[in-house]
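Structure assessment
If you want the building blocks of each chain, they are given just below.
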Amino acid sequence: MLDIKNLHASIDNNKILNGIDLEIKAGEVHAIMGPNGSGKSTLASVLAGRSEYEITDGTVTFNGKDLFELEIEERAREGLFLAFQYPQEIPGVNNVYLLKAAVNAVRKHRGLDEFDAYDFLSLVREKIKFMEMDEKFLHRGVNEGFSGGEKKRNEILQMLMLEPKLAVLDETDSGLDIDALKVVSKGVNAMRSDERGILMVTHYQRLLDYIKPDFVHVLMNGKIVKSGDHTLALELEAKGYDWLLDAEAA
Amino acid sequence: MKAIEDQIANKYKHGFVTDIESDTLPPGLDEDVVRHISRIKNEPEFLLNFRLKAFAHWKTLPKPDWAKLKIEPIDYQAISYYSAPKIDENAPKSLDEVDPKLLETYDKLGIPLHERARLAGVAVDAVFDSVSVATTFKDTLHKAGVIFGSFSEAAQNYPELIEEYLGTVVPIEDNFFAALNSAVFTDGSFVYIPKGVRCPMELSTYFRINAANTGQFERTLIIAEEGSHVSYLEGCTAPMRDENQLHAAVVELIAQKDAEIKYSTVQNWYPGDENGLGGIYNFVTKRGDCRGDRSKISWTQVETGSAITWKYPSCLLKGDYSVGEFYSVAVTNNYQQADTGTKMIHIGKNTKSTIIAKGISAGKSNSSYRGLVKILPSAENARNYSQCDSLLMGSTCGAHTFPYIEAKNPTAKIEHEATTSKVSDDQLFYCRQRGISEEDAVNMIVNGFCKSVFQELPMEFAVEAQALLAVSLEGAVG
């Protein structure tokens, strides 16, 4: 469903991605790991369509479409979801209001009827319970005054409601205590399905104890330098990243 | 963004001209014009004297010096001071007698007098150019003892009320435009709520400037007797014209003991084109007088139109425990200028005021909040809370805040908060990543910013205000 070929991207003339090749098929869970500054979050941002990044080479195909031909919101409606590392606060806009607008925009794109208020609320109540969040979060401003953990839960709640085809999780585990990590992981695991791809960007192996990936890739200096199964993550945890850099150089 | 740019050209939706014969005085202003207006309206003697006194005073006043506004000099002799749709000797007595073309105009504006009013249970008084055309629901209101209609009618039917209250809140000497209005006002609304009556419906006035080169000088007077309650709404539009048109209204509110007046405005006068050509000069004096103890006056305004807006709906808090409120959203785009705010004058003991002002600037526009909180020595335990927030869109607009505070009683508690923020790319990206279009995202963020003001508006006005905001800011981000 997602096919990245030779992707190069830069920001302010600094090259960040230097030829990424990655294919994600429906049903697969991929994890991208790597040290700070390796380009992990850039990859997530480029996929979602952040305009600061310039694509200098390569192609990305998503559901058979040229991803770079699609506007940010079109990518989202096509089923690409980004769980943000730093979710934005939007004061005064009800969390539930944004959620409903988003869900209905996506449903409309898929040729489905917009939810009426009753159906929507029943669904959102079910999901918010699953994410072990208080219903009062629905009526607070989007992420306004949420703690770090609450923001991340809210991201996953949005994902559960939007049912994307491809979920990109950008450092979703950062800043989470162990209880929040368990809840967030529960949400992500609930989304695992034969029709859905998941791409997790993470710094730590810890998340992968809870969400076991099918593939692990190591990103360094804007390139995937090694791929393997989930045991690669354990190896990285034990040995760090430097040995890969040496291997690369040699 | 192209689609949005395409829409800018036809964005002012109320810019049509109604082809209708009108009785218009030739441009120019002298004592004869003042007398002429009074004569057309068959006014009682005291009103003519009121006008003449105001005119004599106006002539002595220097033209106002503008603080933060850039204004081409206005030629007061080039304006026509009276324009009425031409009708028979007898004014329409019911909706059926109103010129169908006029009713069509109101339909285009989205206020079909018949249906919308009936559905919404809102009584509408519509002022077209200078005269009041029709008032709906007169009978229902009459039964409740409420007087609601045109100012001209009231001058005929209730001269004693007009004489008692007119000019007691905004004296003719108050300022340049108040003096001008007092001399040449042509119509407006009059509301009287008797003692203990809760007005059974929202009262609403719709103002429209149609004729070219005319000014609109309306005069509104609302009197709420002891223990009464009224909610009043006004909406304003004007056709697109290259020339600037002058609108200088005066609104006076009087709240007696335990009375409450809620006054809401959605102002959408023509703002001029994207190069700053044309548009309405909106110079308005609005003041509420909390005369009785425990009275309350609440101003809510959404200002999206006009080339220049200059208004400071204010409250004189005379009664002990009286309350003044001001909730404002002012939006400027392109070359619009807005200088708006409020004055809260605390005179009585334990008086309380709240000011929530939200300014949104886009394009090359400038918006200023100018407010005065004044605590007189007599105002023991006065309290004020002010919050002024500015939201900037793009980097070529400006927002300014001028809060003036004068506290002459040591028991006063005054709080002031101010913020300036931008619609951030990160917020837009976040919304769009959830599938929401850029335009909807901007509207959502802006509406969130304005929420604490919008929730003060009556329901149907809140919906209209949100829609107006969307139109005003089309193409503002990109």
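Residues numbered from 1 in each chain as written. Chains lettered and ligands numbered in written order. Predicted model: local features only at pLDDT ≥ 70, side-chain atom pairs only at ≥ 80, totals over all residues. Heavy atoms only, no water.

Attention shifts here to the sheet that holds strand β9 (residues 166–170) of chain A. Residues and elements named next belong to chain A. Pairing within the open sheet is mixed, and its six strands lie in the order β6-β9-β10-β3-β11-β12. With partners counted over all chains shown, the strands left at the sheet margins are β6 (80–83) and β12 (223–228), one partner each. Within the sheet, the average angular offset between the axes of one strand and its neighbour, ignoring direction, is 20°. When β6 meets β9, the two strands line up parallel, connected through four bridges. Note that in β9 the partner of L80 across the bridge is L166. Sheet contacts for helix α5 (residues 148–162): β6 and β9; angle to β6, the most-contacted strand, approximately 165°. (Pairing = 2+ DSSP bridges. Helix = DSSP H or I, 4+ residues; strand = E, 2+ residues; numbered from the N terminus. Axes fitted to C-alpha atoms, helices over the stretch in contact; angles between N-to-C directions. Contact = heavy atoms within 4.5 Å.)

All names here are of chain B. The topology assignment puts V471 in helix α12 (residues 459–472). With a relative accessible area of 18%, V471 lands in the buried category. Expressed as a C-alpha distance, the spacing of V471 and H400, which sit 71 residues apart in the sequence, is 23 Å. (Buried < 20%, exposed > 50% of the residue type's maximum accessible area, 1.4 Å probe, protein only.)

Across a sheet, strands are paired by hydrogen bonds formed along the backbone, either parallel or antiparallel in direction. Residues and elements named next belong to chain A. Strands sit in the order β2-β1-β4-β5 across an open sheet of four strands; the sheet is antiparallel. A single partner strand is all that each edge strand has here, and the edge strands are β2 (14–24) and β5 (65–66). Across two bridges, strand β4 (residues 54–62) lies against β5 in antiparallel orientation. The residue bridging T61 from the neighbouring strand is D66, located in β5. Across the face of the sheet, helix α1 (residues 40–48) comes into contact with β1 (2–11), β2 and β4 while running at roughly 105° to β1.

Bringing empty space enclosed by the protein into the picture now. Residues and elements named next belong to chain B. Scanning the entire structure with this criterion turns up six cavities of 30 Å³ or more. If you add up the space inside the largest cavity, you get close to 110 Å³. Lining the largest cavity we find 17 residues, and of these K358, G359, S367, S368 and Y369 sit closest to its centre. When contributions to the lining of the largest cavity are tallied by element, the ones reaching two or more residues are β17 (323–332), β18 (337–346), β19 (352–361), β20 (366–375), β21 (383–392) and β22 (398–407). Residues belonging to the lining of the largest cavity are distributed by class as follows: six nonpolar, nine polar and two charged. (1 Å grid on protein atoms, 1.4 Å probe; cavity = no way out; pocket = protein on both sides within 12 Å on 5 of 7 lines; lining within 4 Å. Points joined across faces, edges and corners; volume = space filled by probe spheres on them. Nonpolar A, V, L, I, M, F, W, Y, C, P; charged D, E, K, R; others polar.)

Next up on the list: the packing of helix α10 (residues 425–433) of chain B against helix α11 (residues 438–454) of chain B. Residue and element names in this part refer to chain B. Following both chains from N to C, one finds α10 and α11 inclined at 120°, their axes separated by 9 Å at the closest point. Classified by the angle their axes make, α10 and α11 are oblique. Considering the relative orientation of α10 and α11, their crossing is right-handed. In contact with Q427, L428, C431 and R432 of α10, α11 contributes E438, A441, V442 and I445. Its residues assigned to classes, the contact of α10 with α11 comprises five nonpolar, one polar and two charged. (Parallel < 35°, antiparallel > 145°, perpendicular 65-115°, else oblique. Left-handed = near helix turned anticlockwise from the far one by under 90°.)

Below, the discussion takes up the state of the cysteines. Residues and elements named next belong to chain B. In the structure shown here, the tally under the stated rule is zero disulfides over all chains. Here C290 is not disulfide-linked; the sulfur of C315 is the nearest cysteine sulfur, at 5.5 Å. There is no disulfide at C431, and the cysteine sulfur nearest it, in C450, is 15 Å away. (Disulfide = S-S within 2.5 Å.)

Bringing the environment of A:I128 into the picture now. All names here are of chain A. Along the polypeptide, I128 turns up in helix α4 (residues 117–130). Judged by relative accessible area, which is 2%, I128 ranks as buried. For the pair formed by I128 and N154, sequence separation is 26 residues and the distance between their alpha carbons is 8.7 Å. Dropping the residues within four chain positions of it, I128 is found in contact with M133, D134, E135, F137, L138 and L157.

No statement about biological role is implied by the geometric values presented.
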